[in-house]
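Take a look at the letters that make up each chain.
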Amino acid sequence: MMKMNKRTKLILTIALAVAVMLLLAYLDANRAQYSYGIAILQRSAIYAIVAVAMNMLTGFTGLFSLGQAGFMAIGAYTVAILTIPVEDRPSVYYINGIADALANASLPLWAALILGGLLAAFVGGLIGIPVLRLKSDYLAIATLGFSEIIRAVIAAPQLDRITNGSYGLKSIPNFGSIYDVFIIAFLCILVMILIINSSYGRAFKAIREDEVAAEAMGINLFKHKGMVFIISCFFTGVSGGLLAVFMRSIDSKTFQVMLTYDILLIVVLGGLGSITGSIIGSFLITAAREWLRFFDNPLIIAGFQIPLFRSGFRMVIFSLVLMAIVLYYRKGIMGSKEFSWDGLYRFIHRLLSRVRRKTPGKEANHHE
Amino acid sequence: MDISVFLQHCLTGISLGGAYALIAIGYTMVYGILRLINFAHGDIFMMAGYFMIFAIASFPWYIAIPIVLIATIILGVLIERVAYKPLRNAPRMSIMISAIGVSYLLQNLATYLFTALPRGYPTIPLLKKIFEIGPLSASLVTLITPVITLVLVYVLILLINHSKAGMAMRAVSKDFETAQLMGIRINQIISITFAVGSLLAAVGSILYFTDRMTVFPFSGALPGLKCFVAAVLGGIGSIPGAMLGGFVLGLGETALVAMGYSTFSDAFTFVLLILMLLIKPTGLFGEKVTDKV
């Protein structure tokens, strides 16, 4: 089979990057017209970060964490509290006032994002280290429980002066330009790709394949598991912070377990162990969530109301999709492969040859 | 604290613990056999709550209860057949994701079918009858929950130790493949396990929701997680352990609520889990299992 040489691939990659940039510039120039589309793309980019972070943990290391919503909440609240303009704070905390220590504390967005990520990583370490030292089976339960608790704690009246309790936080300043989200997402995912391709990443994969064998080869199980968990928590926290800025107002209900399940659906659909799969999955699922909104509205065809269509039907479809993928299409879109120009070329080649083979077959049938 | 207030709280705690214990057994049995955290178990428990609401609408309670039990068993076995059985030889990650998928599906289905608003749980007059013992007062359900739990656990242990199916169950949990080679019908045994687990979850749901009064699509999520923790506390795979874990959690949680820390009563469970894993990872009654190469 013909293989593309390096130069063609480089040109294609640059062409793709330029195309994406031009598309963004076009959307930016016509912001008013495409605000809905831009919002979908931004949300997809934010989900892509957390999906890749989850995939690094689940797909590459074989550890199962279900605390994404909780870690995102930590990042989101950190960023929200530190970036709401000081002069707006009295109106946000109009019920109980803000804690004195935080009244004037303010950080630029990038610093707040990093701090949010670090806090999420710290809390992740607190939970993960004792659990990972023993059986990683329990990690899923411990983190799932944690993410429920963090919601309860955020809404607790004792923290009213910090998190504004159940009233939530609003007036979070928006991104400076529409490029911000995409640049940050690109950087985060790039760092994760570099980690996965480093010697640490190979150790993660060894742990996924066989823990006992990996340990026998001299990989420190506990160190590597703890490391990947904390790194994943960091990026989950960052994406939570971005989500807070994107949504402009958050409360504890934003970070329900359903959010974690949505991310899981993205990772499974994209393929466990494929970064590009997770990215494609996040754009696909986020867009589909919007397109499929009509499932939630009553559908009337020729004056006859189709009975199934009403509020909540969309989520039932989503859960059925998740089940169908797990049961019948376990590899997801990308399996554990990554996107490559060679792969795309082969795919198109195969598609074309199949079409070509089919067409004469059909003609033969016609002759009979 | 007054002694009678203290006893009153103890009674509440034991009653809550009894319901937890019944759910925890379902987790511990499934984990013992399939090494699977059955995330859907809490939602089976929630569905049993809805079954009761609909059953009682058209039948008297003594017919409604058996209907609920049978419907829950059917649901549990059906879930196993559809979502777990095809993945018997798949990596453990896939079956765990499938379990989450079922939980996600049941929650969304319940939201879709019954709306997210809490529904009132029917009161069975007999269970709600108030008894007064000296200064204590308790409804019948509070008093009989621990009794029912103890009786059911006793019967279950007898069955597991002395019946043929129980022996097969123990064999399967010891060594899946060898048991299969010895002619044990694995699928049948796994179905029985899910049936027993769902039955106990249904009994637990009747006892639990009679006290709580309302059911909503997410009312199974947190109790489900807590009961898995209870199973870990007692040593996963051990039925008396799961029961003890359930009682410990129920009492601990009630104690925290009584002391005024109700916000943190849920967090308590998971702190307990982490502490237990640090101090005695095999749980109270668990056996040490080494990884086989």
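Since this is a predicted model, take the numbers as computed values, not measurements. (Residues numbered from 1 in each chain as written. Chains lettered and ligands numbered in written order. Predicted model: local features only at pLDDT ≥ 70, side-chain atom pairs only at ≥ 80, totals over all residues. Heavy atoms only, no water.)

### Looking at the overall build of chain B
- When helices and strands are tallied, chain B shows 12 helices and four strands.
- Computed over the C-alpha atoms, the radius of gyration of chain B is 19 Å, within 12% of the 19 Å expected from 2.2 N^0.38 for a compact globule of 293 residues.
- When the backbone C-alpha atoms are referred to their principal axes, chain B occupies close to 60 × 45 × 35 Å.
- Counting every position in chain B, which comprises 293 residues, the buried fraction comes to 53%.
- Residue pairs at least 24 apart in sequence account for 75% of intrachain contacts in chain B once pairs closer than 6 positions are excluded.
- If you sum the accessible surface of chain B, you get close to 12700 Å²; carbon and sulfur atoms cover 70% of it. (Helix = DSSP H or I, 4+ residues; strand = E, 2+ residues; numbered from the N terminus. Rg over C-alpha atoms; globule rule 2.2 N^0.38 Å. Buried < 20%, exposed > 50% of the residue type's maximum accessible area, 1.4 Å probe, protein only. Contact = heavy atoms within 4.5 Å. Areas by Shrake-Rupley, 256 points an atom, 1.4 Å probe, with all protein chains shown as cover.)

### A short note on the confidence of the model for chain A
Residues and elements named next belong to chain A.
- Taken over all residues, the pLDDT of chain A has a mean of 85, while the share at 70 or more is 93%.
- For chain A, strand β2 (residues 304-306) is the element with the lowest average pLDDT, namely 66, and helix α11 (residues 221-247) is the one with the highest, namely 94.
- In the predicted structure, residues 361-368 sits below a pLDDT of 50 and forms zero contacts with residues beyond four places in sequence or in another chain. (pLDDT = per-residue confidence, 0-100.)

### Here's the deal with the interface of chain B and chain A
- The partner chain A presents 46 residues to the 45 residues of chain B that form the contact.
- Between chain B and chain A, a total of about 4000 Å² is buried, with carbon and sulfur atoms accounting for 78% of that surface.
- Among the residues chain B hides against chain A, the three largest losses belong to B:Ile97, B:Tyr104 and B:Tyr112. Together they make up 21% of the total.
- Here chain B is connected to chain A by zero salt bridges. (Buried area = accessible area lost by both parts, 1.4 Å probe. Salt bridge = Lys/Arg side-chain N within 4 Å of Asp/Glu carboxyl O.)

### Focus: empty space enclosed by the protein
Residues and elements named next belong to chain B.
- Across all of its chains, the model carries two cavities of 30 Å³ or more by this definition.
- Taken as a whole, the largest cavity encloses approximately 40 Å³ of empty space.
- Taken together, Ser15, Leu16, Ala19, Thr145, Leu207, Tyr208, Asp211 and Arg212 make up the full set of residues lining the largest cavity.
- Contributions of two or more residues to the lining of the largest cavity are made by α1 (3-34) and α9 (186-212). (1 Å grid on protein atoms, 1.4 Å probe; cavity = no way out; pocket = protein on both sides within 12 Å on 5 of 7 lines; lining within 4 Å. Points joined across faces, edges and corners; volume = space filled by probe spheres on them.)

### A word on the pattern of salt bridges
Residues and elements named next belong to chain B.
- In total, this model carries 10 salt bridges over all chains according to the counting rule given.
- Across the pair Lys226 and Glu253 runs a salt bridge whose closest N-O atoms are separated by 3.1 Å. One end of the pair, Lys226, is in helix α10 (residues 221-234); the other, Glu253, is in helix α11 (residues 239-258), and 27 residues separate them in sequence.
- Taking the relative accessible area as the measure of exposure, Lys226 reaches 5% and is therefore buried.

### With respect to a positive patch on the surface
- Together, A:Lys331, A:Lys337, A:Arg346, A:Arg350, A:Arg354 and A:Arg357 make up a positively charged patch on the protein surface.
- For A:Lys337, the location among the structural elements is in the loop between α14 (313-328) and α15 (341-367). (Patch = residues over 30% accessible without salt bridge, like charges linked within 9 Å, V, L, I, M, F, W, Y side chains within 5 Å. Lys, Arg positive; Asp, Glu negative; His and termini not counted. Charge placed at Lys NZ, Arg CZ, Asp CG, Glu CD.)

### Regarding the layout of surface pockets
Residue and element names in this part refer to chain A.
- In this structure, the second largest pocket occupies an estimated 1400 Å³ of space.
- In this structure, the second largest pocket is lined by 30 residues; those nearest its centre are Leu16, Ala17, Val20, Phe186 and Ile279.
- Those elements giving two or more residues to the lining of the second largest pocket turn out to be α1 (6-29), α2 (35-60), α8 (179-197) and α13 (275-291).
- The dominant element in the lining of the second largest pocket, judged by the number of residues it contributes, is α8, at 10 residues.

### Section: the packing of aromatic side chains
- Counted by the stated rule, this structure contains 19 aromatic pairs over all chains.
- With a centroid separation of 5.7 Å and an interplanar angle of 45 degrees, the aromatic rings of B:Tyr84 and B:Phe194 are classed as tilted. Residue B:Tyr84 is found in helix α3 (residues 61-84), and its partner B:Phe194 is found in helix α9; the two are separated by 110 residues along the sequence.
- Put simply, the rings of B:Tyr20, B:Phe45, B:Tyr121, B:Tyr208 and B:Phe209 pair up and form one aromatic cluster.
- Above the plane of the ring of A:Phe318 lies A:Arg289, whose end atom (NZ or CZ) is 5.8 Å from the centre.
- The aromatic ring of B:Tyr208 is capped on one face by B:Arg212, whose charged end is 4.5 Å from the ring centroid. (Phe/Tyr/Trp six-rings, centres within 6.5 Å; stacked < 30°, edge-to-face > 60°. Lys NZ or Arg CZ within 6 Å of the ring centre and 35° of its normal.)

### Considering the environment of B:Phe268
Residue and element names in this part refer to chain B.
- When you line up the elements, Phe268 lands in helix α12 (residues 265-279).
- A C-alpha to C-alpha distance of 11 Å links Phe268 and Val229, two positions 39 residues apart in sequence.
- For Phe268, the contacting residues outside a window of four places in its chain are Leu249, Gly252, Glu253 and Leu256.

### Notes on the side chain of A:Lys225
All names here are of chain A.
- Position of Lys225 relative to the elements: it lies in helix α11.
- A polar contact is formed between the side chain of Lys225 and the side chain of Glu211, at a distance of 3.0 Å.
- Among residues more than four places away in sequence, those in contact with Lys225 are Leu63, Leu132, Ser136, Ile207 and Glu211. (Polar contact = N/O pair within 3.5 Å; in protein donor to acceptor, adjacent residues only side chain to side chain.)

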